[in-house]
Amino acid sequence: MKYSGYAFIYTIGCQMNVYDSEKLASILNSCGFEKTGDMDKADVVVCNTCSIRHKAEEKAYSFLGRFAGIKKKKPHLITVMAGCVAQQDGEKAFERVPHLDIVLGTRAFSRFSRHIRSIQSGQPRIVDIEDSSMIYESPPDSVCFEENKVSSFVTIMQGCENFCTYCVVPYVRGKERSRKPENIVEEITFLAGSRIKEVTLLGQNVNSYGKKEGEISFPKLLKKINDIERIHRIRFATSHPKDLSLDLMHAIRDLKKVCNHLHLPVQSGADSVLKKMNRGYTRQQYLEKIIQLKNLCPDIALSTDIIVGFPSETIEDFKNTMDLIREVEFDSIFAFAYSNRSSAPAAKFSDQINEKEKLDRLNLLLQLQETCTEKKNKVQIGKVLEILVEGKSLKKHDGFEQFGKDMEQMTGRSESNKIVHFPSNRVNIGDMVRIRIENAYPHSLWGHPEFD
Ligand code: SAH
Ligand code: SF4
Ligand code: F3S
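This one's a predicted model, so the numbers in the text were calculated from it and none came from an experiment.

Thresholds, definitions, all that
- Residues numbered from 1 in each chain as written.
- Chains lettered and ligands numbered in written order.
- Predicted model: local features only at pLDDT ≥ 70, side-chain atom pairs only at ≥ 80, totals over all residues.
- Heavy atoms only, no water.
- Helix = DSSP H or I, 4+ residues; strand = E, 2+ residues; numbered from the N terminus.
- Buried < 20%, exposed > 50% of the residue type's maximum accessible area, 1.4 Å probe, protein only.
- Near = heavy atom within 4 Å.
- Nonpolar A, V, L, I, M, F, W, Y, C, P; charged D, E, K, R; others polar.
- Core = buried A, V, L, I, M, F, W, Y, C linked by side-chain atoms within 4.5 Å.
- Contact = heavy atoms within 4.5 Å.
- Axes fitted to C-alpha atoms, helices over the stretch in contact; angles between N-to-C directions.
- Parallel < 35°, antiparallel > 145°, perpendicular 65-115°, else oblique.
- Expected span 1.5 Å × (residues − 1).
- Arc of directions from axis to C-beta.
- Pairing = 2+ DSSP bridges.
- Right-handed = clockwise from strand over helix to strand, strands pointing away.
- Domains from an automatic or database assignment.
- Areas by Shrake-Rupley, 256 points an atom, 1.4 Å probe, with all protein chains shown as cover.
- Phe/Tyr/Trp six-rings, centres within 6.5 Å; stacked < 30°, edge-to-face > 60°.
- Lys NZ or Arg CZ within 6 Å of the ring centre and 35° of its normal.

Overview of unusual backbone geometry
With the exception of glycine, the majority of residues adopt a negative phi angle, and the majority of peptide bonds are in the trans configuration. With an omega of 5 degrees, the peptide bond between A237 and T238 qualifies as cis. Unlike most non-glycine residues, D351 shows phi in positive territory, near 60 degrees. Among the secondary structure elements, D351 is positioned in the loop between β14 (332-337) and α14 (355-378). A residue is classified by how much of its surface remains accessible, and D351, at 54% relative accessible area, is exposed.

So, in structure tokens, the structure goes:
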């Protein structure tokens with residue numbers, strides 16, 4: 001295809017936004033813009049934004065703010081705010097970024113190319129935050145591939161109707177909608193034919209997949225994807241603890257390609273906080289599911305999300321969260337200080353915790369998890385893990401020189417999502433190799449291929 005310019009896309013936020021950015025890139029491609037990693041070359045700049053926490057929102061505005069001067073020198077430059085902040089702020093975005101051309105909400109992708117053409121033909125400012133119950137379906141072969149990519153995200157559902165009281169997602173992503181299984185299977189079959197070995201299925205609550213549409217259940221969808229040739233691994237996120245079914249646990253146990261790893265956000269270990277968060281389960285119910293899961297799938301890797309400093313969280317509540325972390329022994333956690341979002345109900349709750357206290361609690365939690373992660377990583381020493389090779393390691397491991405000049409240090413991930421480095425001059429990106437683990441660090445493992 002002959003291109004008429006370049007497009008630079010900056011993505012903030014969750015994996016779903018990474019997937020959406022690929023879709024935006026393919027739309028821009030069809031409008032004649034080639035994707036570039038060089039911002040200075042760009043004729044279109046898109047910031048795909050996130051409003052989950054205040055900091056993410058500020059990052060978006062500060063990135064887009066930079067283009068005020070650049071646009072004066074380069075008047076044809078088109079600037080776009082896409083994603084969750086765009087959906088949330090709409091017209092208001094121009095107050096902070098007057099030079100913006102397009103504000104593109106989370107459900108406006110199907111109209112993006114039209115908006116680009118309108119701006120090119122001289123129309124000023126466009127805001128499109130209209131609701132659309134349809135999921136944007138691009139042709140499966142329109143993905144813009146990065147070289148050497150072996151793993152890909154695939155959104156299977158959008159929106160959320162759980163209304164956790166701290167969370168903006170239901171307001172910025174709308175009602176829950178699931179893609180048709182045949183569209184998902186078609187997309188993954190195409191990816192499998194394009195060197196992709198691993199897919200991560202995305203949704204805010206994958207356990208509810210297909211329920212509203214009367215489609216097949218999530219475990220049944222997993223079975224269909226498990227049957228796709230040349231896909232080696234299937235991951236998924238996020239599962240909501242209240243809807244984690246026995247069927248899904250069985251699917252993790254029985255389907256060969258489904259990784260033995262579950263991301264199950266608990267958010268808090270205190271019942272009173274869980275209740276105020278509207279999470280729909282108690283500490284005890286969460287722990288019972290974990291026990292059931294560990295019984296069915298021994299060695300399962302577990303990860304979670306935690307929010308500290310939710311309004312009215314007492315020291316006792318926080319201690320309950322710390323105890324839960326000790327009890328479950330997660331492989332990894334994503335922990336956040338509660339961030340007040342004006343569109344979410346918790347913004348109006350009394351007893352907001354001050355910022356310093358929130359950060360103190362966050363640090364204590366992260367320290368505790370670091371020892372836990374290291375301990376979990378050490379257990380891997382002596383085991384042989386199957387690794388999907390992702391590329392060359394950027395940073396060489398201490399003492400790597402001893403392996404000789406002809407050796408590369410390669411990197412990949414285990415089924416449990418742990419990063420593993422190893423020396424080899426015989427493997428290619430996308431290979432599955434067996435690595436004997438010899439050393440464990442807080443953030444990675446180190447070992448040798450079994451064949452060397
Ligand atoms: N649907 C997923 C998570 C979506 S958002 C789930 O239900 O778990 C990812 C994580 O961001 C959440 O799990 C939560 O831990 C965190 N988060 C959401 N809103 C937040 C807020 N207002 N302040 C701090 N962290 C928040
Ligand atoms: Fe937000 Fe709760 Fe929905 Fe997750 S389940 S996206 S935390 S409202
Ligand atoms: Fe952020 Fe929107 Fe994802 S708010 S976490 S980019 S759904």
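Read on for the rest.
Some remarks on the site of ligand 3
In the vicinity of ligand 3, the contacting residues are C14, N17, T49, C50, S51, I52, C84, R173 and Q204. A per-class count over the shell around ligand 3 returns 4 nonpolar, 4 polar and 1 charged.

Overview of the nonpolar core
Among the nonpolar cores identified, the biggest contains 53 residues, and V199, L201, F218, L222 and F236 are the most heavily contacted of them. A total of 5 residues in this core trace back to one element, the largest contributor, which is helix α13 (residues 315-328). Sequence-distant contacts of F236, defined by excluding residues within four places in its chain, comprise T200, L201, V206, F218, L222, L248, I252, V258 and L262.

Considering the packing of helix α12 (residues 283-296) against α13
Look at α12 against α13: their axes get within 12 Å of each other, and the N-to-C directions meet at 10 degrees. Considering their axes alone, α12 and α13 lie roughly parallel with respect to each other. Residues R283, Y286, L287, I290 and K294 of α12 lie in contact with α13, whose contacting residues are N320, D323, L324, E327 and V328. Taken together, the residues of the contact of α12 with α13 break down into 5 nonpolar, 1 polar and 4 charged.

Observations concerning helix α8 (residues 181-192)
Think of an α-helix as turning once every 3.6 residues; residues three or four places apart then point the same way. Over its 12 residues, α8 extends 16 Å from the first C-alpha to the last, a length consistent with the 16 Å expected when each residue adds 1.5 Å. Buried within α8 are the following residues: P181, I184, E187, I188, L191 and A192. Seen along its axis, α8 keeps its buried residues to an arc of 140 degrees; they face one direction. At its buried positions, α8 is contacted by α1 (15-30), β7 (151-155), β10 (198-202) and α9 (218-226).

A word on the pairing of strand β11 (residues 233-237)
Here β11 lies mainly inside the structure; 5 of its 5 residues are buried. Because side chains alternate across β11, one face comprises the buried residues R233, R235 and A237, and the other comprises I234 and F236, equally buried. Of the strand pairs in this sheet, β10 and β11 are connected by 5 bridges, and their pairing is parallel. Residue pairing for β11: T200 is matched across the bridge by R235. In this view, the connection linking β10 to its parallel neighbour β11 by way of α9 has right-handed handedness.

Focus on the sheet that holds strand β13 (residues 301-308)
Strand pairing in a sheet takes place through backbone hydrogen bonds and is either antiparallel or parallel in direction. If you walk across this open sheet you meet the 3 strands as β12-β13-β14, and the pairing is parallel. Taken across any chain shown, the strands that pair with only one partner, and hence form the sheet edges, are β12 (261-263) and β14. Within this sheet the neighbouring strands show an average axis-to-axis angle of 10 degrees, counted without direction. The sheet contact formed by β13 and β14 spans 6 bridges and is parallel. Paired with D305 across the two strands is F334, which belongs to β14.

Details of the domain arrangement of the protein chain
Along its sequence, the protein chain is organised into domain 1 (5-128) and domain 2 (384-449). One C-alpha centre belongs to domain 1, the other to domain 2, and the line joining them spans 37 Å.

Focus on the site of ligand 1
Near ligand 1, the surroundings consist of 15 residues, among which Y166, Q204, Q267, D305 and S339 are the closest. For ligand 1, whose accessible area on its own is 540 Å², the fraction buried by protein is 89%. Breaking the shell around ligand 1 down by element, the ones donating at least two residues are β13 and β14. Looking at the shell around ligand 1, its residues break down into 7 nonpolar, 4 polar and 4 charged.

Some thoughts on the sheet that holds strand β16 (residues 408-413)
Reading around the circumference, β15-β16-β17-β19-β18 is the order of the 5 strands in this closed barrel, with mixed pairing throughout. Neighbouring strand axes in the sheet, compared pairwise and without regard to direction, differ in orientation by 50 degrees on average. Where strand β15 (residues 384-392) meets β16, 4 bridges bridge the pair, whose relative direction is antiparallel. The partner of V389 across the bridge, within β16, is G412.

A short note on the side chain of H240
Topologically, H240 is positioned in the loop between β11 and α10 (246-254). On the accessibility criterion, H240 (5% relative accessible area) is buried.

Thoughts on the packing of aromatic side chains
Scanning all chains against the criterion turns up 10 aromatic pairs. Geometrically, the ring pair formed by F163 and Y171 is edge-to-face, given 5.6 Å between the ring centres and 65 degrees between the ring planes. Taking the relative accessible area as the measure of exposure, Y171 reaches 36% and is therefore partly exposed. For the ring pair F310 and Y338, a centre distance of 5.4 Å and an interplane angle of 75 degrees mean the geometry is edge-to-face. Highlighted residues: F310 in the loop between β13 and α13 and Y338 in the loop between β14 and α14, separated in sequence by 28 residues. We classify F310 as buried; its relative accessible area is 0%. Each residue in the set F8, Y10, F63 and F67 is aromatic and connected to the rest through ring pairs, giving one cluster. Of note, R53 hangs over the ring of F336, and the distance from its end group to the ring centre comes to 3.7 Å. Across from the ring centre of F94, 4.2 Å away, lies the NZ or CZ of R125, which sits over that ring.

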